[in-house]
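A structural walkthrough
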Amino acid sequence: MAPAADASDPPAADRLARLFDRHHARLYRLARRMVRTSDEARDVVQDTFLRAARSPRSIPDGPSHEEAWLVRVLVNICRDGWRKESVRRRLAGSTPAEPEIVAPESALIARTTVWRALDALPPRRRAVVVLYEIESTPIPVIAGLLGISSVTVRWHLSVGRRELARFLGSQL
Amino acid sequence: MTTSRHDLRARLRDADPVAAEPAPSPDEVARMRRTVVAATSPQFASVGRPRPRATLALAAMLTIAAAAGAVSARRFAVFRQTQPDTTFEVSTAAAARTQMHFSTPGGTRIIWTFDPAFQLRETRR
């Protein structure tokens, strides 16, 4: 990995570089499961760390606290994007954009259907579903990461499953 | 057709793009890292240690503000001596207005102006 030679403040750059090295891979995986394309995921991860650079004092010490802070920022960035997209869609009077994949293979169609269903979920609910169902993160850990109670996590999970099942059921 | 919980989990995992796509290349990661580190603000890791530039800037600002205040006070004193009493009363009334400034963490600024001449009953008419 390249050293931080161009940073304006070396200790600051070192801390941010350590933060990046420790968490970027995990944040990318979450971001990729939260947005439609890998480019979008990279942008979201970069924006997350740029916010860290702008608000250094709000980052708690310790890897798990840092991770929770970064995950919350990432989900908030996804929420901002989701809201803007919702407003844009409402103004344009259109339905959610479909993922770029258009192929006759049934496996790809199935994946596309699942991702359309996930796109319909609000970002926090989507994060709960992704963390629990795909990453097998325990509910108390999800609660700690997102800064919400376990009860709220269960509620999001329940509603999210219902919405996904309804969407997927209607697409079958 | 219903989608069971187990089936839902299986379908989500089957559609997982992280499993299907390659991770960002080392070059992409390095580029992102450079961008992020270059954006580091000077205050990032300086909690608890003095920052000479910021301290100097603050001292300079305070000095300028004090000098401006002294000059204004002198000019106002000269102005008071040269003006008749009636004019001075008007200035006093205007000066009696006080302001309260708030600012939210998001950057929104709110300014309340308290006007002693304001009468609520008069505005209702």
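Residues numbered from 1 in each chain as written. Chains lettered and ligands numbered in written order. Predicted model: local features only at pLDDT ≥ 70, side-chain atom pairs only at ≥ 80, totals over all residues. Heavy atoms only, no water.

**Overview of the overall build of chain B**
Here is the rule we go by: In this description a helix means any DSSP run of H or I spanning at least four residues, a strand means any run of E spanning at least two, and both kinds are numbered starting from the N terminus. Here's how the labels work: a residue is buried when its accessible area is under 20% of the maximum for its type, exposed when over 50%, partly exposed in between, all with a 1.4 Å probe on protein chains only. Where accessible areas are quoted, they stem from the Shrake-Rupley method and a 1.4 Å probe; at the residue level, only the protein chains shown are allowed to cover.
A count of helices and strands for chain B gives six helices and two strands. Here chain B holds 125 residues, and the buried ones make up 14% of them. In the form shown here, chain B has an accessible surface area of approximately 9,900 Å², with 61% of it arising from carbon and sulfur atoms.

**Let's talk about the layout of surface pockets**
All names here are of chain A. The line we're drawing: Site definitions follow a grid-based scheme: protein atoms alone, a 1 Å grid, a 1.4 Å probe that fits but cannot get out for cavities, and for pockets an open set with protein on both sides within 12 Å along at least five of seven lines, plus lining residues having an atom within 4 Å of a point. Grid points are joined across faces, edges and corners, and a volume is the space filled by probe spheres set on the points. The nonpolar class holds Ala, Val, Leu, Ile, Met, Phe, Trp, Tyr, Cys and Pro. Asp, Glu, Lys and Arg form the charged class, and all remaining residues, Gly among them, are polar. Domain limits in this description derive from either an automatic procedure or a database domain assignment.
Estimates place the volume of the largest pocket at around 390 Å³. Val35, Glu40, Cys78, Gly81 and Trp82 are, among the 19 residues lining the largest pocket, the residues nearest its centre. Listing elements by their share of the lining of the largest pocket, those giving two or more residues are helix 2 (38-54), helix 3 (63-92) and helix 5 (123-134). In terms of residue count, the dominant contributor to the lining of the largest pocket is helix 3 (eight residues). Taken together, the residues of the lining of the largest pocket break down into nine nonpolar, one polar and nine charged. Summarising the domain contributions, the lining of the largest pocket has at least three residues from each of domain 1 (1-96) and domain 2 (98-172).

**Re empty space enclosed by the protein**
Applying the stated criterion to the full structure yields two cavities of 30 Å³ or more. Looking at the second largest cavity, its volume works out to about 30 Å³. Lining the second largest cavity are His24, Tyr28 and Val45 of chain A together with Pro24, Val29 and Met32 of chain B. Among the residues making up the lining of the second largest cavity, the classes are represented as five nonpolar, one polar and no charged.

**Looking at the packing of helix 2 of chain A against helix 3 of chain A**
All names here are of chain A. Where we set the bar: Throughout, an axis means a line fitted to C-alpha atoms (over the contacting stretch in the case of helices), and angles, computed between N-to-C directions, take values from 0 to 180 degrees. Roughly parallel refers to an angle under 35 degrees, roughly antiparallel to one over 145, roughly perpendicular to one between 65 and 115, and oblique to any angle outside these ranges. Each crossing gets its handedness from the near helix: less than a right angle anticlockwise from the far helix is left-handed, clockwise is right-handed. Here, two residues are considered to be in contact whenever any of their heavy atoms come within 4.5 Å of each other.
Running from N to C, helix 2 and helix 3 cross one another at 120°; their axes reach a closest spacing of 9 Å. Compared by their axis directions, helix 2 and helix 3 come out oblique. You can see that helix 2 and helix 3 cross each other, and the crossing is right-handed. Where helix 2 approaches helix 3, its residues Val44, Asp47, Thr48, Phe49, Arg51 and Ala52 are matched on the opposing element by Trp69, Leu70, Val73, Leu74, Ile77, Cys78 and Asp80. Of the residues that constitute the contact of helix 2 with helix 3, the class distribution is nine nonpolar, one polar and three charged.

**Looking at a nonpolar patch on the surface**
All names here are of chain B. As a reminder, the rule being used: Distance thresholds for patches are 9 Å for like charges and 5 Å for nonpolar side chains (Val, Leu, Ile, Met, Phe, Trp, Tyr), applied to residues having over 30% relative accessible area and no salt bridge. In the sections that follow, a salt bridge refers to a side-chain nitrogen of Lys or Arg positioned within 4 Å of a carboxyl oxygen of Asp or Glu.
A cluster of nonpolar residues, Met100, Phe102, Ile110, Trp112 and Phe114, forms a patch on the protein surface that exposes about 450 Å² of accessible area. Mapped onto the nonpolar patch, the elements with two or more residues apiece are strand 1 (98-103) and strand 2 (109-114). Counting residues per element, the nonpolar patch draws most heavily on strand 2, at three residues. With respect to the secondary-structure elements, Phe114 resides in strand 2. A relative accessible area of 39% places Phe114 in the partly exposed class.

**Observations regarding the pairing of strand 2 of chain B**
Residues and elements named next belong to chain B. Selection criterion: In this analysis, strands are considered paired if DSSP registers two or more bridges between them.
Strand direction decides the pairing type here: strand 1 and strand 2, joined by six bridges, are antiparallel. Residue pairing across strands places Ser103 opposite Arg109, the latter belonging to strand 2. Taking the residues that link successive antiparallel strands as the turn, the strand 1-strand 2 hairpin has five residues, and the phi of Gly107 there is positive, at about 105°.

**As for the nonpolar core**
As a reminder, the rule being used: Side-chain atoms within 4.5 Å are what join buried Ala, Val, Leu, Ile, Met, Phe, Trp, Tyr and Cys residues into a set we call a nonpolar core.
Phe49, Leu118, Leu146 and Leu164 of chain A together with Leu12 of chain B are the most contacted members of the largest nonpolar core, which has 52 residues in total. The biggest single contributor to this core is helix 3 of chain A, with nine residues. Inspection of this core shows a minimum of three residues originating in each of domain 1 (1-96) and domain 2 (98-172) of chain A. Excluding anything up to four places from it in sequence, Leu146 of chain A contacts Val71, Arg72, Val75, Arg124, Ala127, Val128 and Leu131 of chain A.

**Looking at the side chain of Thr137 of chain A**
All names here are of chain A. On the secondary structure map, Thr137 appears in the loop between helix 5 and helix 6 (139-146). Judged by relative accessible area, Thr137 falls into the buried class, the value being 12%. Among residues more than four places away in sequence, those in contact with Thr137 are Leu131, Tyr132 and Ile142.

**Quick word on the pattern of salt bridges**
Across all of its chains, the model carries 17 salt bridges over all chains by this definition. One salt bridge in this structure joins Asp119 of chain A and Arg36 of chain A, with 2.9 Å as the shortest N-O distance. Of this pair, Asp119 of chain A sits in helix 4 (residues 106-119) while Arg36 of chain A sits in the loop between helix 1 (10-34) and helix 2, and the two are 83 residues apart along the sequence. Classification of Asp119 of chain A as buried rests on a relative accessible area of 12%. Across the salt bridge formed by Arg126 of chain A and Asp119 of chain A, the nearest N and O atoms sit 2.8 Å from each other. Grouping residues by exposure puts Arg126 of chain A and Asp119 of chain A together as buried. Salt bridges linked by common partners bring Arg26, Arg33, Glu67 and Glu135 of chain A together with Asp16 of chain B together as one network.

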